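The residues making up each chain are set out below.
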Amino acid sequence: MTTALPQAARSLFDSEHKQFRDTVRTFIAREIISNLERWEEQHLVDRSAWVAAGKQGLIGIAVPEEYGGGGLADYRFRTVVAEEFARVSAASVSSGLSVQDDVFIPYLINLATPEQQRRWLPPCCSGEAIGAIAMTEPGTGSDLRAIATTAVRDGETWVLNGAKTFITNGIHADYVIAVAYTDPEAGAKGMSLLMVERGMEGFSRGRKLKKVGLQAQDTAELFFDDVRVPAANLIGDVGGGFVHMMERLPLERLSIAVSASAAAQAALEWTVDYVTTRQVFGKPIAAQQNTQFTLAEIATEVEVTRTYIDEMILDYNRGTLSAVAAAKAKLWATEAQKRIVDRCVQLFGGYGYMLEYPIARSFVDTRVQTIYGGTSEIMKLIIGRDLLGR
């Protein structure tokens, strides 16, 4: 059993958050830990786990209560969820929930009409419906302007055609916000967002993609073949899709940064436990000066990262988190996570390569953090252009 290390002078949370942490920890012990290995092997989390999370109030935390949510527009609650899932190396499950709460649902809270919110938010909060957002296409990567998916207006419907890939929650998704050109000649100002619902004719799922890590997270290809999407399923403004997506990216990147910081903290805790009990040459690994120096460096980097990300969380709550600040947070936290987890694996030695240890699962789950949500290189471009006034 991992003993949490003291988090010096951390004042981010108050008693309400600490009480919520107990709830999340109990839920994970009851619903997640015993099932995690099976989910990793089947490359899919049971839908019953989503419903259980919804009943426990772990989904739709920021959704107004009238639509079945928690009514808590305070990102510290989502941070608690991320930290507790990280403690048990359940990034596969956590990332799916993060897409629901930090990527998909915010579009509905901020852009959907009251009628759309009444239709879509309650089942999302209860866990009975799972959401995804379909941006990436084969060959486009981070270049959203290069998408080929189109939607042509025909009476009271949009006829949607195209293909998407790397879609988190793609297999389970009941609702998919698809990004498409409704006016290809207008460039970025010609993109719109359409809600595609399970069962619509012409909407199909391809392969459940095999990944290096995040084995239990379902990631899929999606296909739209003359899908007739009702005009009432337009999210936001016609032609406003690109702007709508850019406005939501800071939260997505903060979410990734928070998960990275939490994973780094967890890796440190597992490693401290291991080196204090594992004997080499007749004494604990922790007795070696190299081990102590390495852990000192890791602990310092973990605390610096956590303190920085805590401030970004408060900025988000204040409504002052900029796109550039979110890019900095994601760049720093994910690159730090990659360094820290790798060094912790080294201290575990051969056992760090065995999946029975959470550090091994964390190692393969970590690699994608500097890629999705915008690569580290894209984050550097955003930051550099801001610095140079370009």
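Calculation rules
- Residue positions are counted from 1 within each chain, in the order its sequence is given.
- Owing to the predicted nature of the model, reporting of local features is limited to residues with pLDDT of at least 70; listing and counting of side-chain atom pairs is limited to 80 or more, with chain, interface and lining totals taken over all residues.
- Think of the side-chain values as coming from all heavy atoms in the structure, minus any hydrogens and water.
- Counting from the N terminus, the helices are DSSP H or I runs at least four residues long and the strands are E runs at least two residues long.
- All radius of gyration figures rest on C-alpha atoms, and the globule criterion is 2.2 Å times the number of residues raised to 0.38.
- The cut-offs for exposure are 20% and 50% of the maximum accessible area for each residue type, with area from a 1.4 Å probe on protein chains only; residues under the lower value are buried, those over the upper are exposed, and the others partly exposed.
- Contacts are assigned to residue pairs with any non-hydrogen atoms lying within 4.5 Å of each other.
- In these tables, accessible area is a Shrake-Rupley quantity obtained with a 1.4 Å probe, and a residue counts as shielded only by the protein chains included in the view.
- Only four residue types enter the tally: Lys and Arg on the positive side, Asp and Glu on the negative side, with His and both chain ends excluded.
- Note on charges: their place is set at NZ of Lys, CZ of Arg, CG of Asp or CD of Glu.
- A pair is scored as a salt bridge if a Lys or Arg side-chain nitrogen falls within 4 Å of a carboxyl oxygen belonging to Asp or Glu.
- Note on terminology: a nonpolar core comprises buried Ala, Val, Leu, Ile, Met, Phe, Trp, Tyr and Cys residues joined through side-chain atoms within 4.5 Å.
- Two aromatic rings, drawn from Phe, Tyr or Trp (for Trp, its six-membered ring), form a pair once their centres lie within 6.5 Å of each other, and the interplanar angle then sorts them: stacked below 30 degrees, edge-to-face above 60, tilted otherwise.
- Either the NZ atom of lysine or the CZ atom of arginine qualifies as a charge over a ring when it sits within 6 Å of the ring centre and within 35 degrees of the ring normal.
- Pairing between strands is defined by DSSP: at least two bridges between them are needed.
- N or O atoms within 3.5 Å of each other form a polar contact, as long as, within protein, one can give a hydrogen and the other can take it, and as long as residues adjacent in sequence are counted only when both atoms are side-chain atoms.

Caption draft 1: Structural context of the overall build of the protein chain. Broken down by element type, the protein chain carries eleven helices and ten strands. Here the C-alpha atoms of the protein chain give a radius of gyration of 21 Å, agreeing with the 21 Å that 2.2 N^0.38 yields for 390 residues. Its C-alpha atoms give the protein chain principal-axis dimensions of about 80 × 50 × 40 Å. Counting the 390 residues in the protein chain, one finds 55% classified as buried. When contacts within the protein chain are restricted to residue pairs at least 6 apart in sequence, those whose partners lie at least 24 apart make up 76%. With the model as given, the accessible surface of the protein chain reaches about 17400 Å², and the carbon-plus-sulfur share is 55%. Averaging the coordinates of the 40 positive side-chain charges in the protein chain and doing the same for the 47 negative ones gives two points 4 Å apart.

Caption draft 2: Structural view of the pattern of salt bridges. Taken as a whole and judged by the stated rule, the model has 22 salt bridges. Between D174 and R47 there is a salt bridge; the shortest N-O distance is 2.6 Å. Residue D174 is found in the loop between β3 (157–168) and β4 (175–181), and its partner R47 is found in helix α3 (residues 47–55); the two are separated by 127 residues along the sequence. Residue D174 is classed as buried on the basis of its relative accessible area of 12%. R47 gets classed as partly exposed once you look at its relative accessible area, which sits at 27%. Of the charged contacts in the structure, one is a salt bridge between R76 and D74, with a shortest N-O distance of 2.9 Å. On the basis of relative accessible area, R76 is assigned to the buried category, the value being 18%. Classification of D74 as buried rests on a relative accessible area of 15%. Via salt bridges that share partners, R21, R25, E83, E84 and R87 belong to a single interconnected network.

Caption draft 3: Quick look at the nonpolar core. The biggest cluster of nonpolar side chains holds 42 residues, and the ones touching the most others in it are F20, F27, I32, W39, F85 and V93. Taken together, the elements giving at least two residues each to this core come down to α1 (15–32), α2 (36–42), α3, α4 (75–87), α5 (91–111), α7 (241–277), α8 (289–318) and α9 (323–348). For this core, the leading source of residues is α4, giving six residues. Excluding residues that lie within four positions of it along the chain, F20 makes contacts with G57, L58, I61, F77, V80 and V81. Counting 30 residues, the second-largest nonpolar core is a separate cluster that includes L108, L111, C124 and M135.

Caption draft 4: Seen up close, the packing of aromatic side chains. Under the definition given, this model contains eight aromatic pairs. Ring geometry for W120 versus Y175: centroids 6.3 Å apart, planes at 55°, classification tilted. Remark: Y175 occurs in strand β4 and W120 occurs in helix α6 (residues 114–126); sequence separation between them is 55 residues. Residues W120 and Y175 agree in their burial class; the two are buried. An aromatic cluster of three or more residues is present, and its members are Y274, F348, Y351 and Y357. A cation sits over an aromatic face here: R21 above F13, 5.0 Å from the ring centre.

Caption draft 5: Seen up close, the pairing of strand β5 (residues 191–197). Of all the seven residues making up β5, seven are buried; the element is thus mostly covered by neighbouring parts of the structure. Side chains of β5 alternate between two faces, with M191, L193, M195 and E197 and S192, L194 and V196 buried alike. Judged from the two bridges that link them, β5 and strand β8 (residues 234–235) form a sheet pairing that is antiparallel. Looking at the pairing, L193 lines up with I235 of β8.

Caption draft 6: Here's a closer look at the pairing of strand β7 (residues 219–230). Where β3 and β7 come together, nine bridges link them in antiparallel fashion. Paired with K164 across the two strands is L222, which belongs to β7. Where strand β6 (residues 203–208) and β7 come together, four bridges link them in antiparallel fashion. If you follow F203 over to β7, its bridge partner there is F224.

Caption draft 7: Highlighting the side chain of K164. Position of K164 among the secondary structure elements: in strand β3. Polar side-chain contacts of K164 include one of 2.8 Å to the side chain of E137. Separated by 2.8 Å, the side chain of K164 and the backbone oxygen of V179 make a polar contact. Excluding residues that lie within four positions of it along the chain, K164 makes contacts with A134, M135, T136, E137, P138, I147, T149, V179, A220, E221, L222 and F224.

Caption draft 8: Region of interest: the environment of R76. One can find R76 in helix α4. Once the C-alpha coordinates of R76 and H17 are considered, the two residues, 59 residues apart in sequence, prove to be 7.3 Å apart. Those residues in contact with R76, other than ones at most four positions away along the chain, are L12, F13, D14, H17, I313, L314 and N317. In this structure the side chain of R76 is engaged in a polar contact, spanning 3.0 Å, whose partner is the backbone oxygen of L12. Of note is the side chain of R76, whose polar atom sits 3.5 Å from the side chain of H17.

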